[in-house]
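Listed here are the chains, written in short residue letters.
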Amino acid sequence: MILTGLLVAALGLLGILAIGFTRDPGVVTSPLVGRPAPPFSLTSLDGSTVSLADLRGRPLIVNFWASWCLPCRAEAPLLQRAAADFAGRGVEVLGIVYQDSAENARAFMHEYGQTYPGLLDPDGRTALDYGVFGIPETYFIDRGGRIVSKQTGPLDWASLVRQVAALAP
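Residues numbered from 1 in each chain as written. Predicted model: local features only at pLDDT ≥ 70, side-chain atom pairs only at ≥ 80, totals over all residues. Heavy atoms only, no water.

Novice: Can you lay out the pairing of strand β4 (residues 92–97) for me, pointing to particular residues and giving the numbers?
Specialist: Most of β4 is tucked away, with 5 of its 6 residues classed as buried. As paired strands, strand β3 (residues 60–65) and β4 are joined by 6 bridges and run parallel to one another. Looking at β4, one finds that Asn63 is bridged to Gly95. Handedness of the crossover joining β3 and β4 through helix α2 (residues 70–85) is recorded here as right-handed. Note that the unit made of β4, helix α3 (residues 102–111) and strand β5 (residues 118–120) has a crossover that is right-handed. (Buried < 20%, exposed > 50% of the residue type's maximum accessible area, 1.4 Å probe, protein only. Helix = DSSP H or I, 4+ residues; strand = E, 2+ residues; numbered from the N terminus. Pairing = 2+ DSSP bridges. Right-handed = clockwise from strand over helix to strand, strands pointing away.)

Here it is, written out as structure tokens:
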């Protein structure tokens with residue numbers, strides 16, 4: 001009887017683990033998913049102002065990053081590729097600089113050939129509004145301004161393509 005109970009418990013645990021292995025560990029449940037993206041109006045590294053309201057109607061990939069973040073360096077070429085490859089579908093990539101200087105951010109973007117906007121969040125308010133707790137973090141926002149998904153940690157191409165497909169079919 002005890003052996004049967006242990007066997008049932010072990011099989012239950014194995015089932016839970018099996019389900020967990022089928023999910024992308026970077027895609028994180030967030031209370032923001034399905035809700036309107038928190039508004040922002042930020043200054044870009046080139047001095048222009050970019051606001052979420054001005055981008056309404058366009059699917060967005062919003063990535064929080066910093067020059068000192070090693071995983072951010074690993075995903076930088078991927079985000080530039082996404083900006084180029086998905087532009088034809090109307091998808092726009094935005095990088096929000098997290099706890100870094102404008103000088104370091106400019107050098108980083110130049111080093112990796114990034115052409116999409118790098119936005120300064122000097123007081124960290126936007127990061128707080130989005131619930132950023134570690135970088136890189138990426139939010140996928142649909143044409144209606146709702147957050148479709150959140151990726152914690154560096155992106156990989158397959159995950160990025162899958163999330164953009166859900167964002168901009």
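Next comes the rest of the account.
Novice: Lay out the pattern of salt bridges with the relevant residues and their values.
Specialist: Enumeration over the complete set of coordinates arrives at 5 salt bridges. A salt bridge links Arg73 to Glu111; the nearest nitrogen and oxygen atoms lie 3.2 Å apart. Residue Arg73 is found in helix α2, and its partner Glu111 is found in helix α3; the two are separated by 38 residues along the sequence. In this structure, the salt-bridge partner of Asp129 is Arg125, at a minimum N-O distance of 2.8 Å. Here Asp129 and its partner Arg125 are both found in helix α4 (residues 125–130), 4 residues apart, which amounts to about one turn of the helix. (Salt bridge = Lys/Arg side-chain N within 4 Å of Asp/Glu carboxyl O.)

Novice: I'd like a description of the state of the cysteines, backed by residues and values.
Specialist: Inspection of every chain in the model, using the stated rule, returns 1 disulfide. One disulfide in the model links Cys69 with Cys72; its S-S distance is 2.4 Å. In this structure the cystine formed by Cys69 and Cys72 twists about its S-S bond by roughly 80°; its chirality is therefore right-handed. For Cys69, a relative accessible area of 3% corresponds to the buried category. (Disulfide = S-S within 2.5 Å.)

Interpretation in functional terms is not warranted from these geometric data alone.
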